[in-house]
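# Overview (structure and organization)
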Amino acid sequence: MNGRTRPALLGLLTFLLPMLLWAEPQTLVFSHVVSPNTPKGKMAEMFKSMIERRLGDRYEIVIHANADLMDDDEAVTAIAEGRIHFAAPSLSKFEGYTQQLKVFDLPFLFPDMDAVNRFQQSPTGQALLTSMESRGILGLGYLHNGLKQLTASRPFTRPNDLAGLRFRTMNSDVLIKQFELLNAEAVPMAFSEVYGALAEQRIQGQENTWSNIYSQAFYEHQPYMMISNHGVLDYMLITNSAFWNGLSEADRHEFRFALEMSLKYGNAVATAKSTNDKVELERMKNISVYEPSADELATWQTAMQPLWTDYEDLIGEHIIQAARQAGR
Ligand code: LMR
């Protein structure tokens, strides 16, 4: 190298080196449908900040909240096809991929969230996380939201009171049949459409958790609520199997750690919100929150419980048994 080429080469290196070192981080998309101020919204933000703090030179997590990218039904397909990287749809939204998760939709199967948690952490519950792996969907953990409550635009205390009303459901045939057993009309609909449908009175009722009823302002058009605790609305944190298996072992370890921490945090938020948002709703002047007696609740249970046997073969008897065992 002569005296003239050396400075030229050095100049070129000074120009290229930062470009080589400054490779753009890979964008990973986390799509969800609820507001940022919910258990899932908070969990996603903590996950993003942990990953970007530890691996920010290589990964950037972009969160799409409030279904601003896609609704949950599409998110499940987008995960299976590897078009997005993370989502946490409700356990009711996997109908196209597995029948086993329908266990979570069976009414009155879980007496409280401790029972839900025990089942999710049991060997049967953990096996459900990998039940869709061959279809490209890998479950990385469960996230709580809470127990569902019934709300309507007119007063109700007994199952017959809902007859003839149009109730929004998630896209799950167990949930559709649940309302048909009450002689109500089930209207499956994406979460992002519920507020508008209530406001325009295209539907007169819905079921959801305290946190969703409050954060989506469903109460503005649903002055009558019942503490029914008749079902569970929890989530599975999912990723695309090929993307996950393609990560280096070290990165996968970091992702697992960040997920474990943020799921714990999200679950703590879920417990707090379930209590706080219920209290907020009970305090509202125009809202009536009805607390049924044990006998009254038993009439709802009798009306809905036939679904347990109707779905035994499809879900698997051993799965339903394990869930019942967790509730004892
Ligand atoms: C719903 O559709 O009601 C829920 O799945 C929304 C959510 O993600 O909590």
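Before any of the text, the structure's been laid out above.
Residues numbered from 1 in each chain as written. Predicted model: local features only at pLDDT ≥ 70, side-chain atom pairs only at ≥ 80, totals over all residues.

## Some points on the environment of Met-46
Within the fold, Met-46 resides in helix H2 (residues 39-55). The spatial distance from the C-alpha of Met-46 to the C-alpha of Asp-251 is 17 Å, given a sequence separation of 205 residues. Filtering out sequence-adjacent residues up to four positions away, Met-46 remains in contact with Ser-262 and Tyr-265. (Helix = DSSP H or I, 4+ residues; strand = E, 2+ residues; numbered from the N terminus. Contact = placed C-beta atoms within 7 Å.)

## As for helix H6 (residues 173-181)
If you check which residues of H6 are buried, you get Val-174, Leu-175, Gln-178 and Phe-179. The buried residues of H6 all sit within an arc of 135° when viewed along its axis, so they share a single face. Against the buried residues of H6 lie strand S5 (166-169), strand S6 (185-188), helix H11 (294-304) and helix H12 (306-310). (Buried ≥ 20, exposed ≤ 12 C-beta atoms within 10 Å, placed from the backbone. Arc of directions from axis to C-beta.)

## Some points on the nonpolar core
In terms of nonpolar packing, the biggest core is built from 78 residues, with Phe-47, Ala-87 and Leu-237 touching the most fellow members. The leading source of residues in this core is strand S8 (residues 224-240), at nine residues. (Core = buried A, V, L, I, M, F, W, Y, C linked by C-beta atoms within 7 Å.)

## Let's talk about the packing of helix H4 (residues 113-121) against helix H14 (residues 317-326)
Across the interface, H4 lies against H14 with an axial gap of 8 Å and an inter-helix angle of 135°. Considering the angle they form, H4 stands oblique to H14. The hand of the H4/H14 crossing is right-handed. Contacts between H4 and H14 involve Ala-115, Arg-118 and Phe-119 from the former and Ala-322, Ala-323 and Ala-326 from the latter. Each residue belonging to the contact of H4 with H14 can be placed in one class, and the counts come to five nonpolar, no polar and one charged. (Axes fitted to C-alpha atoms, helices over the stretch in contact; angles between N-to-C directions. Parallel < 35°, antiparallel > 145°, perpendicular 65-115°, else oblique. Left-handed = near helix turned anticlockwise from the far one by under 90°. Nonpolar A, V, L, I, M, F, W, Y, C, P; charged D, E, K, R; others polar.)

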